[in-house]
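The chain contents come next:
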Amino acid sequence: MAEAEKLFKINIVTPNGLIYSHRGSSVSMRAIDGDRQILYNHLPILTPLTIGEVRVQRGADVDHKVDHIAVSGGIIEFANNVATIIADNAERARNIDLSRAEAAKQRAEALIKEAKEKHDEQLLERAQIALRRAVNRIHVYDELQK
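None of the values given here were measured: they were computed from a predicted structure.

Visitor: Outline the UniProt feature "domain: ATP synthase F1 complex delta/epsilon subunit N-terminal" (unreviewed entry) in the protein chain, listing residues and values.
Guide: When the UniProt feature table is mapped onto this chain numbering, "domain: ATP synthase F1 complex delta/epsilon subunit N-terminal" (unreviewed entry) sits at residues 8-90. As annotated, residues 8-90 has a helix share of 0% and a strand share of 73%, and its two end C-alpha atoms lie 20 Å apart.

This is the structure in C-alpha cells:
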C-alpha cells in the first residue's frame, strides 16, 4: 500500500484578511537571514520575512503545481504542521495587475531620482522599498507565465 502524501496547511493573512489557504508539501520564502524552505514535520519556527516571493508546492491532487505569492514583509510561524504567514501585504501571482506593478515601478524610480536630487534620505528609503515591492510583484507575475 502506498504511503499517504505528507501535506500541511499553509495560510497567508494580511490586514485585509485571508489571502491564501491550501495544503502543500513545501513552502519556500525569503527570511531576513536568507532563503528558507519548510517541509512536513519541520521543527517549530518563527521568523521575519523580507519583500519576496512565497512558493507553495501543492500535492498530487493538483499535479504538484506551484503557487506563487508576492509578499511585502511579515513573519512566518510554523508549528503542528501549519504554516501561517502574516504579511504586511500579499498578492497571488494570478491576481497581480502587471500594468499597475510596472507603473508603481516607474513612480518609485522617479521618486528615487527626486530624493537623490533633494538629498532626502527618508524619501529615498521609502522609494527604494516601493521599488523592491514593485519589482517583486513583476517577478512573481513573470513566474506564473513560465
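Visitor: How would you summarise helix α1 (residues 98-118) if you had to cite specific residues and measurements?
Guide: Its 21 residues give α1 an end-to-end C-alpha distance of 30 Å, which sits within 8% of 30 Å, the value for a rise of 1.5 Å per residue. Listed in full, the buried residues belonging to α1 are Ala-101, Ala-104, Ala-108, Ile-112 and Ala-115. End-on, the buried residues of α1 take up no more than an arc of 80°, which puts them together on one face. In α1, those exposed residues whose orientation departs by more than 90 degrees from the buried face are Gln-106, Arg-107, Lys-113 and Glu-117. On its buried face, α1 is in contact with α2 (121-145). After α1 finishes, the residue His-119 shows a positive phi value of roughly 55°.

Visitor: Got a sec to walk through the pairing of strand β6 (residues 66-79)? Specific residues and values, please.
Guide: By the criterion of burial, β6 is predominantly enclosed, with 10 of the 14 residues buried. When strand β5 (residues 45-57) meets β6, the two strands line up antiparallel, connected through 12 bridges. For Leu-46, the partnering residue across the bridge sits in β6 and is Glu-77. When β6 meets strand β8 (residues 90-92), the two strands line up antiparallel, connected through 3 bridges. Within β8, the position partnered with Ile-69 by the bridge is Arg-92.

Visitor: How would you summarise the nonpolar core if you had to cite specific residues and measurements?
Guide: Ranked by internal contacts, the top residues of the largest apolar core, which has 20 residues, are Val-27, Ile-38, Val-54, Ile-69 and Ile-76. Listed by contribution, the elements that provide at least two residues to this core are β1 (8-14), β3 (26-31), β5, β6 and β7 (82-87). Sequence-distant contacts of Val-54, defined by excluding residues within four places in its chain, comprise Ile-12, Val-27, Ser-28, Met-29, Asp-67, His-68, Ile-69, Val-71 and Ile-85. The next biggest cluster of nonpolar side chains, apart from the first, holds 7 residues, and it includes Ala-108, Ile-112, Ala-115 and Ala-127.

Visitor: Tell me about a nonpolar patch on the surface, and name the residues and values.
Guide: Judged by side-chain polarity, Leu-46, Ile-75 and Ile-86 come together as a nonpolar surface patch covering roughly 280 Å² of accessible area. Along the chain, the position of Ile-75 falls in strand β6.

Visitor: Which residues make up α2, and what values do they have?
Guide: In this model α2 runs 36 Å from its N-terminal to its C-terminal C-alpha over 25 residues, within 8% of the 36 Å that 1.5 Å per residue would give. Turning to α2, its buried residues are Leu-123, Leu-124, Ala-127, Leu-131, Ala-134, Asn-136, Arg-137, Ile-138, Val-140 and Glu-143. Turning to α2, the residues buried within the fold contact β5, β6, β8 and α1. Its side-chain oxygen placed 3.2 Å from the backbone nitrogen of Gln-122, Asp-120 serves as the N-cap of α2.

Visitor: Could you give an account of the packing of aromatic side chains, with specific residues and numbers?
Guide: Applying the stated criterion across every chain, the model contains 1 aromatic pair. Geometrically, the ring pair formed by Phe-8 and Phe-78 is edge-to-face, given 5.3 Å between the ring centres and 85° between the ring planes. With Phe-8 in strand β1 and Phe-78 in strand β6, this pair connects stretches of sequence that are 70 residues apart. Phe-78 shares its class with Phe-8; the two are buried.

What counts as what
Within each chain, residue numbers correspond to sequence positions counted from 1 in written order. Given that this is a predicted model, residues contribute local features only at a pLDDT of at least 70 and side-chain atom pairs are listed and counted only at 80 or more, while totals for whole chains, interfaces and linings are drawn from all residues. Note that water and hydrogens are dropped before the side-chain values are worked out from all heavy atoms of the structure. UniProt positions are given in the numbering used here, feature names are shortened, and annotations may be inferred rather than shown by experiment. Counting from the N terminus, the helices are DSSP H or I runs at least four residues long and the strands are E runs at least two residues long. Every helix has an expected span of 1.5 Å times one less than the residues it contains. Each residue is placed in one exposure class: buried if its accessible area under a 1.4 Å probe, protein chains only, is under 20% of its type's maximum, exposed if it is over 50%, and partly exposed if it falls in between. Arc, as used here, means the arc of the directions from the helix axis to the C-beta atoms. Contacts: residue pairs with any heavy atoms within 4.5 Å of one another. Here, any two strands with at least 2 DSSP bridges between them count as paired. We define a nonpolar core as any set of buried Ala, Val, Leu, Ile, Met, Phe, Trp, Tyr and Cys residues linked to one another through side-chain atoms lying within 4.5 Å. Residues qualify for a patch when their relative accessible area is over 30% and they have no salt bridge, like charges being joined within 9 Å and the nonpolar side chains of Val, Leu, Ile, Met, Phe, Trp and Tyr within 5 Å. Only the protein chains shown count as covering a residue, and every accessible area follows the Shrake-Rupley method with a 1.4 Å probe. When a carboxyl oxygen of Asp or Glu lies within 4 Å of a side-chain nitrogen of Lys or Arg, that pair is called a salt bridge. Whenever two N or O atoms come within 3.5 Å, that pair is a polar contact, provided that in protein one can donate a hydrogen and the other can accept it, and provided that, for residues adjacent in sequence, both atoms are side-chain atoms. We call Phe, Tyr and Trp rings a pair once their centres come within 6.5 Å, taking the six-membered ring for Trp, and we label the pair stacked below 30 degrees between planes, edge-to-face above 60, and tilted otherwise.

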